[in-house]
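Geometric and topological summary
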Amino acid sequence: MIDLHTHSTFSDGSLTPEQLVREAERAQLAALALTDHDSILGLERFMGACSQSILRGVPGVEISVDCNPPDATMHILGYFIDPANAELNEHVNRLRDGRQHRNEEILKRLNAMGLMLTMNEISAFAGENNVGRLHIAQALVARGYVRTTQEAFDKYLAKGKSGYANRLRFRPLGGVEMIRKAGGIAVLAHPFTLKLGQQALADCVRELAQGGLQGIEVYYPQHSPRIIRQYLDLAEQFHLVATGGTDFHGTPMPDVKLGRGFGMLNVPNTVLDQLDALRS
């Protein structure tokens, strides 16, 4: 059993890269990928911890890209990237700067609504000071403005809500190209968040595959058996590797367990064999 979609304190997870590796050992995983949002800063520590473990580490990233409809999100996972790649570092630095500008705009909008947070309060929830919307949501909960982080998103922080602000994102094919140029394998993450109908999703995946996409995330905690069958068909149709992972964050999403998701997820080790075959 493996988990190819996890987050650490270098994005919006609650565990450090080293703690993540220890948790994966306890879960008896064979391999683990660290895929922080628009950040590769935790990979050196992650791979260092994996080198002292029987666990196989996969250096990864999750890149946010533009998409339609406006309330949808698209992420491209990158596996086996080279963290020292200069062009990749330049791109993720631009994304990090864009995220910081977005945080400041969100804070300004929340303050204007009478939700009086400070950036220091918000940063206290970010382990490596890589602040994102989840940390803003946690600060809103701590202040008593909302009861849960989900309520914070539903009322203020989700796309289209009064506190939301856009930020720099690359075009989808640009995200794929960025990963491929860094020696990585590009995979479409949790396709249901694109909010596309069956034919529109197939058309989207076709375009991405023609532009260099190599995999699609099929096995995911929120994918029903029907959705898994649909995505397996897409993987077969467009010659993509069917990957999977839990999208583990730790404390912010306590119901999602490493390797198991909500309890039934089991990403087979053979997925890693297929990714290895693409590398060679």
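Above this text sits the structure in question.
Residues numbered from 1 in each chain as written. Predicted model: local features only at pLDDT ≥ 70, side-chain atom pairs only at ≥ 80, totals over all residues. Heavy atoms only, no water.

Relative to the helices and strands, Thr-6 resides in the loop between strand S1 (2–3) and helix H1 (17–26). A distance of 2.7 Å separates a polar side-chain atom of Thr-6 from the backbone oxygen of Ala-33. Apart from residues no more than four positions distant in its own chain, Thr-6 is found in contact with Leu-20, Leu-32, Ala-33, Leu-34, Thr-35, Asp-36, Phe-248 and Leu-258. (Helix = DSSP H or I, 4+ residues; strand = E, 2+ residues; numbered from the N terminus. Polar contact = N/O pair within 3.5 Å; in protein donor to acceptor, adjacent residues only side chain to side chain. Contact = heavy atoms within 4.5 Å.)

According to the stated counting rule, one finds one aromatic pair in the structure shown. For the pair Phe-192 and Tyr-220, a centre-to-centre distance of 6.0 Å together with 50° between the ring planes defines the contact as tilted. With Phe-192 in the loop between strand S5 (185–188) and helix H8 (198–210) and Tyr-220 in the loop between strand S6 (215–219) and helix H9 (225–237), this residue pair connects regions lying 28 residues apart in the sequence. Overall, the relative accessible area of 28% leaves Phe-192 in the partly exposed class. Looking at Arg-279, its charged tip hangs above the ring of Phe-80, at a distance of 3.9 Å from the centre. (Phe/Tyr/Trp six-rings, centres within 6.5 Å; stacked < 30°, edge-to-face > 60°. Buried < 20%, exposed > 50% of the residue type's maximum accessible area, 1.4 Å probe, protein only. Lys NZ or Arg CZ within 6 Å of the ring centre and 35° of its normal.)

In an α-helix, one full turn covers 3.6 residues, which means residues spaced three or four apart are oriented alike. Between its first and last C-alpha, helix H3 (residues 86–112) extends 40 Å over 27 residues, near the 39 Å set by a 1.5 Å rise per residue. All of the buried residues in H3 are Leu-88, His-91, Val-92, Leu-95, Gly-98, Arg-99, Arg-102, Asn-103, Ile-106, Leu-107 and Leu-110. Where H3 is buried, its residues meet strand S3 (56–65), helix H4 (119–123), helix H5 (133–143), helix H6 (149–157) and helix H7 (172–181). Near the N-terminus of H3, the side chain that reaches the backbone nitrogen of Glu-87, with its oxygen 3.2 Å away, is that of Asn-85. (Expected span 1.5 Å × (residues − 1).)

To continue, consider the packing of H8 against H9. Where H8 meets H9, the closest approach of the two axes is 11 Å, and the angle between their N-to-C directions is 35°. As for how H8 packs across H9, the hand of that crossing is right-handed. Residues Gln-198, Leu-201, Ala-202, Val-205 and Arg-206 of H8 lie in contact with H9, whose contacting residues are Gln-230, Tyr-231, Leu-234 and Gln-237. Here the contact of H8 with H9 is built from residues that sort into five nonpolar, three polar and one charged. (Axes fitted to C-alpha atoms, helices over the stretch in contact; angles between N-to-C directions. Left-handed = near helix turned anticlockwise from the far one by under 90°. Nonpolar A, V, L, I, M, F, W, Y, C, P; charged D, E, K, R; others polar.)

Take Glu-23: it is sitting in helix H1. Residue classification places Glu-23 among the partly exposed positions, given a relative accessible area of 29%. The sequence separation of Glu-23 and His-223 amounts to 200 residues, and the corresponding C-alpha distance is 24 Å.

Residues of S5 alternate between two faces, with Ile-185 and Val-187 on one and Ala-186 and Leu-188 on the opposite face, all of them buried. Where strand S4 (residues 74–79) and S5 come together, four bridges link them in antiparallel fashion. Looking at S5, one finds that Ile-76 is bridged to Leu-188. Bridging between S5 and S6 involves two bridges; their strand directions are parallel. Note that in S6 the partner of Val-187 across the bridge is Gly-215. (Pairing = 2+ DSSP bridges.)

Once that is clear, we can look at unusual backbone geometry. The backbone of Gln-28 sits at a positive phi, close to 60°, despite the residue not being glycine. Its location among the elements puts Gln-28 in the loop between H1 and strand S2 (31–34). Given a relative accessible area of 68%, Gln-28 falls into the exposed group. At Asp-38, a residue that is not glycine, the phi angle is positive and equals roughly 50°. Structurally, the position occupied by Asp-38 is in the loop between S2 and helix H2 (43–51). When its relative accessible area of 4% is taken as the criterion, Asp-38 is described as buried.

Worth remembering: the numbers are spatial, not functional.
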